[in-house]
Amino acid sequence: MTNKNPEPDNSQSAKDELTPIVAGSRGLELSSIDNVHRFAQWVLDSGLAPRGIDTVSKIIVSIETGRNLGLQPMQALNALAIVNGSPSLKVEVALALVRASGKIHEWHQRRYTGKEMTDEWACIISSERNDMAGLRDSTFSLKEAKDAHLFPGKGRDGKIIPKMPWNANPKWMLYCRALGRHMKEFYSDVTWGLALEPEVRDYSPEALEGARRIEGPPPKDDFLAKLEDEAIVEAKILRSTDD
C-alpha cells in the first residue's frame, strides 16, 4: 500500500532559506553559523587556508577566536598560528591589537642589556597603561633560555642545529620572549592570554624531546620510591615462601 501522504522533501526549501552572506564596509558579514560554515568551506576550497588551519572545523574555531579579539574572519585566519594544536598570536598582530586598544599611555622601544651571547644578555620591554601608574618592565635573558634548554637549539641526536630560531637569531627570540611575557603580565585583557607564536614553537615536540634528553628522566618521588622498594621486598618474601 502506497503512502498517500509522503513526507515533503524539504532539502531544496532548506537551501533556499540559507541566510544570505552580505558584503559590508568591512568585508563579508557572517551573521549565522551557516554563514560561517559556508565561508570556512570557501576558504578551504580556495587553497588559501593557512598552514595548520586546514579543516572546516579549525577555520570556524579560528574565526570565533579572532572574533573575541575583535578581528574580521580573514584577519583572524592570518593573525593566528596553530602550533601543537593550540592557537597563538603572531608577534605583529599582538602589537597591533595592544596599540589599537587605547590602553597604552607610553610604550618604550625594546632595549637590550648585558654583553651579547653571555648569560646577562637580556631584552627588556617597558610600557605604561592608562589605568596603571608607572612604567612596567618585562625581561627575558639568555640565561633563562639556557635554563629552559632553548639555547642552543639541539636535535634529537643532541647536535646543535644552526637553523633553529634560538641559534639563528637569538636577539629576536629574546625580544619575542620578553614581549610575550609583557603581553601576559599587562595586556592579557587585550590578547585574551594567547601566547605569541615564537614562544609556543619553543614547546614543540622536538624542543620538549630535547629538554627531556638533557634533563634525563624525572626523579622519583621519595615516598613513591620507598613504597616501590617495599613492594619489591615483599614480592621476594612471598616467592621464597611459595618455594
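One structure accompanies this document, and this report is about it. Predicted model only: the values in this text are computed from it and were never measured.

What about the packing of helix α5 (residues 91–100) against helix α8 (residues 170–186)?
Line of reasoning, step 1. Look at α5 against α8: their axes get within 11 Å of each other, and the N-to-C directions meet at 40°. The interaxial crossing formed by α5 with α8 has left-handed handedness. Across the interface between the two elements, Val-91, Ala-94, Leu-95 and Val-98 from α5 touch Trp-172, Tyr-175, Cys-176, Leu-179 and Met-183 from α8.
Line of reasoning, step 2. A breakdown of the residues in the contact of α5 with α8 according to their chemical character gives nine nonpolar, no polar and no charged.

Notes on the environment of Ile-125
Line of reasoning, step 1. The topology assignment puts Ile-125 in strand β7 (residues 122–129).
Line of reasoning, step 2. Under the relative-accessibility criterion, Ile-125 is labelled buried at 1%.
Line of reasoning, step 3. Along the backbone, Ile-125 and Arg-181 are 56 residues apart, and their C-alpha atoms lie at a distance of 9.0 Å.
Line of reasoning, step 4. Beyond its immediate stretch of four places on either side in the chain, Ile-125 contacts Trp-107, Arg-110, Arg-136, Asp-137, Ser-138, Tyr-175, Ala-178, Leu-179 and His-182.

Overview of the pattern of salt bridges
Line of reasoning, step 1. Following the criterion strictly, the structure yields 13 salt bridges and no others.
Line of reasoning, step 2. Close ionic contact of Asp-54 with Lys-58 constitutes a salt bridge, the shortest N to O distance being 3.2 Å.
Line of reasoning, step 3. Here Asp-54 falls in the partly exposed class, since its relative accessible area comes to 46%.
Line of reasoning, step 4. Lys-103 is paired through a salt bridge with Asp-189; the nearest N and O atoms lie 3.6 Å apart. A residue pair is termed long-range when its members are at least 10 positions apart, and Lys-103 in the loop between α5 and β5 (104–107) and Asp-189 in helix α9 (residues 188–191) qualify at 86 residues.
Line of reasoning, step 5. Given the relative accessible area of 28%, Lys-103 is considered partly exposed.
Line of reasoning, step 6. Assessed through its relative accessible area of 41%, Asp-189 is described here as partly exposed.
Line of reasoning, step 7. A cluster of three or more residues bridged by salt bridges with shared partners is formed by Lys-103, Arg-129, Asp-131 and Asp-189.

What counts as what
Each chain has its residues counted from 1, running along the sequence as written. With the structure being a predicted model, the display of local features is reserved for residues of pLDDT at least 70 and the display and counting of side-chain atom pairs for 80 or more, all residues being used for whole-chain, interface and lining totals. As a convention, hydrogens and water are excluded, and side-chain values are obtained from all of the structure's heavy atoms. The angle between two axes is taken between their N-to-C directions and runs from 0 to 180 degrees, where each axis is a line fitted to C-alpha atoms and a helix contributes only its stretch in contact. The secondary structure listing takes helices from DSSP runs of H or I that are at least 4 residues long and strands from runs of E that are at least 2 residues long, numbered from the N terminus. For any helix crossing, the convention is left-handed if the near helix is rotated counterclockwise from the far helix by under a right angle, and right-handed if that rotation is clockwise. Residues count as neighbours in contact if any of their non-hydrogen atoms are within 4.5 Å of one another. Note on residue classes: Ala, Val, Leu, Ile, Met, Phe, Trp, Tyr, Cys and Pro are nonpolar, Asp, Glu, Lys and Arg are charged, and everything else, Gly too, is polar. To sort residues, take the accessible area from a 1.4 Å probe on protein chains only and compare it with the maximum for the residue type: under 20% means buried, over 50% means exposed, and anything in between is partly exposed. By salt bridge we mean one thing: a side-chain nitrogen of Lys or Arg within 4 Å of a carboxyl oxygen of Asp or Glu.

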